[in-house]
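Working through the structure, step by step
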Amino acid sequence: MKRVGSAISDLRGKVVLVTGAASGIGAAGAAELQRRGASAVLVDQDAPGLATQAEALAREGGPRPLAIPCDIASLAACEAAVQAALERHGRLDVVWANAGMAAFGPLAYTDPAAWRRCIEVNVMGSFHTVRAALPAVKAARGYVCLTASVASFAHPPMMSAYAASKAAVEAMANAWRIELAAHGVDVGVIHASWVRTPLVEDGEQHPGFVRLRQTVPAPMRRAMTPRQAAQRIVEGMGRRRSRIWVPGWVRWLHALRALLHLPQAERALRQAAPELEALYLKVMATEGAAASSYAPRELKRARERGEAAD
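Every chain is numbered independently, its residues counted from 1 as its sequence is written. In keeping with the predicted nature of the model, local features appear solely for residues at pLDDT of at least 70, side-chain atom pairs appear and are counted solely at 80 or more, and the whole-chain, interface and lining totals rest on all residues. Side-chain descriptors were evaluated using all non-hydrogen atoms of the structure, hydrogens and water having been removed beforehand.

This next bit is on the overall build of the protein chain. Secondary structure is summarised from DSSP: a helix means a run of H or I of at least four residues, a strand means a run of E of at least two, and numbering begins at the N terminus for each. Secondary structure assignment for the protein chain yields 13 helices and 7 strands. Atoms counted for the radius of gyration: C-alpha only. Globule rule: 2.2 Å times the number of residues to the power 0.38. Here the C-alpha radius of gyration of the protein chain, 19 Å, is about what a compact globule of 310 residues would show, namely 19 Å. Each residue gets one of three labels from its accessible area relative to the maximum for its type: buried under 20%, exposed over 50%, partly exposed in between, using a 1.4 Å probe on protein chains only. With 310 residues in all, the protein chain has 51% of them scored as buried. Counted over contacts in the protein chain with a minimum sequence separation of 6, partners at least 24 positions apart contribute 73%. Here the accessible surface of atoms and residues is derived via Shrake-Rupley with a 1.4 Å probe, and residues count as covered only by protein chains that are part of the display. Total accessible area on the protein chain is roughly 13,800 Å²; 56% of this is exposed by carbon and sulfur atoms. Asp and Glu are treated as the negative residues and Lys and Arg as the positive ones, with His and the ends of the chain left uncounted. Working definition for charges: the position is that of NZ of Lys, CZ of Arg, CG of Asp or CD of Glu. Distance between charge centres in the protein chain, computed from 38 positive and 27 negative side chains, equals 9 Å. Whether two residues are in contact is decided by their heavy atoms, any of which lying within 4.5 Å being enough.

Next comes the structure, spelled out in structure tokens:
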């Protein structure tokens, strides 16, 4: 018997709203969706980057996709984005809450505004995105997808805001999967390891982040390209997976998650922690707590919002 919410591996004709679509996994995912015949609605707070991505997709063939500048920290902005998508397409089959950011720093010194903004974007932004889209997705008996991370269950030092936010994203997805099943809506969560996105590239400008990444065993440090990640994600999306592993070996790490925070497993991180703190303080001494806590792009945005000093 075919279950409710059956596979939509043929994505042709489907409408998919993607946040964080101006760059990284979101941009690559939108391109992959278009290649599979879906209509991607691009949402991002980076208006120039969004326009560039929309033009790039238009050059690949087909109509220029709808691109909507939006700060997902605002529920009203997300509701307006969904309304624009419905006015253009008349339906919404999939919502992909992908947009996110990272904050960096030890508990005692991290910029509180950066820590809070990470929670606002990653947790509240995901909530706002899905909440705004839900009536249309329910009407389509569609699919909700949320981007979490390996950090949702492997919690690195100096990245408590990011780890907490991604753990919350996973928890929300798990709860919503049960809530929405009776409505014919499936919910999936993406657990991604290293992908060569602007978020990772920005992080690599901080010596503490570079040192943190060196604590990971070399085979697990390899980064996928955004397109490689997008191919796995869109395939999982089409099959309405409850978990999408990027890359596949992450499923085994997830299965062993209870072991990751035993003292033996944390040994390398504990040994590196004093050096990580010292590297953070070195940057903070010369550039300030905000510059040491935010990635460069997010620092610029924080300054534009008046939340960080120049």
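Quantified by volume, the second largest pocket comes out at close to 220 Å³. For cavity detection a 1 Å grid was placed over the protein atoms alone, and a set of points counts as a cavity when a 1.4 Å probe fits there but cannot get out; an open set counts as a pocket when protein lies on both sides within 12 Å along at least five of seven lines, with lining residues being those that have an atom within 4 Å of a point. Gln231, Arg232, Glu235, Gly236, Arg239, Arg241, Arg243, Ile244, Trp245 and Arg251 together form the lining of the second largest pocket. For the lining of the second largest pocket, the elements supplying multiple residues, two or more each, are helix H9 (226-238) and strand E7 (243-246). The dominant element in the lining of the second largest pocket, judged by the number of residues it contributes, is H9, at 4 residues. Throughout this entry, Asp, Glu, Lys and Arg are counted as charged residues, while Ala, Val, Leu, Ile, Met, Phe, Trp, Tyr, Cys and Pro are counted as nonpolar. The remaining residues, Gly among them, count as polar. Looking at the lining of the second largest pocket residue by residue, the class counts come to 2 nonpolar, 2 polar and 6 charged. Grid points are joined across faces, edges and corners, and a volume is the space filled by probe spheres set on the points.

This part is about the environment of Val123. Tracing the chain through its elements places Val123 in helix H4 (residues 112-139). Beyond its immediate sequence surroundings of up to four residues, Val123 is in contact with Cys118, Ser165, Ala168 and Met172.

What follows covers helix H7 (residues 207-214). Listed as buried for H7 are Gly208, Phe209, Leu212 and Arg213. For H7, the arc enclosing every buried residue in end-on projection is 135°, short of the 170-degree limit, so these residues lie on one face. This arc is taken over the directions from the axis of the helix to the C-beta atoms.

What follows concerns the confidence of the model for the protein chain. Scored by pLDDT, the protein chain comes out at a mean of 92, with 96% of its residues at no less than 70. Counted against residues more than four places away or in other chains, residues 1-8, with its pLDDT under 50, gives 17 contacts. As a per-residue measure, pLDDT tells how confident the predictor is, with possible values from 0 to 100.

Moving on, we get to the nonpolar core. Counting 60 residues, the largest nonpolar core has Leu17, Val41, Leu92, Val144, Leu146 and Tyr294 as the members making the most contacts within it. Considering each element in turn, this core owes the most residues, 11 residues, to H4. With sequence-adjacent residues up to four places away left out, Val144 is seen in contact with Val95, Val130, Val137, Val185, Asp186, Val187 and Gly188. Take the buried Ala, Val, Leu, Ile, Met, Phe, Trp, Tyr and Cys residues and link them wherever side-chain atoms come within 4.5 Å; each set so joined is a nonpolar core. Counting 29 residues, the second largest nonpolar core, distinct from the first, contains Trp96, Tyr143, Ala192 and Ile233.

Moving on, we get to the pairing of strand E1 (residues 15-19). Most of E1 sits out of view: 5 of its 5 residues are buried. Note: two strands are recorded as paired if DSSP finds a minimum of 2 bridges between them. Pairing of E1 with strand E2 (residues 39-44), which is carried by 5 bridges, proceeds in the parallel orientation. Along E2, the bridge assignment pairs Val15 with Ser39. In this view, the connection linking E1 to its parallel neighbour E2 by way of helix H1 (residues 24-35) has right-handed handedness. Here E1 runs beside strand E4 (residues 94-97); their pairing, made up of 3 bridges, is parallel. From the neighbouring strand, Leu17 faces E4, where its bridge partner is Val95. When the strands point away from the viewer and the connection leading from the first strand across the helix to the second strand turns clockwise, the crossover is called right-handed.

Following Val246, the chain continues to Pro247 via a peptide bond in cis, the omega torsion being -5°. Note on placement: Pro247 falls in the loop between E7 and helix H10 (250-255). Positive phi, close to 55°, is recorded for Arg240, a residue that is not glycine.

Looking now at the packing of H7 against helix H11 (residues 263-287). Note on definitions: angles span 0 to 180 degrees between N-to-C directions of axes, and those axes are lines fitted to C-alpha atoms, for helices only across the stretch in contact. The contact between H7 and H11 brings their axes to 8 Å, and the two run at 165°. Considered as vectors, H7 and H11 are oriented roughly antiparallel to each other. Between H7 and H11 lies a crossing of right-handed hand. For the pair formed by H7 and H11, the contact residues are Pro207, Gly208, Arg211 and Leu212 on the first element and Leu269, Ala272, Glu275, Leu276, Leu279 and Val283 on the second. When grouped by side-chain class, the residues that make up the contact of H7 with H11 number 7 nonpolar, 1 polar and 2 charged. Any angle that is under 35 degrees is reported as roughly parallel, and any over 145 degrees as roughly antiparallel; angles of 65 to 115 degrees are reported as roughly perpendicular and all others as oblique. Each crossing gets its hand from how the near helix is turned against the far one by less than a right angle, where anticlockwise is left-handed and clockwise is right-handed.

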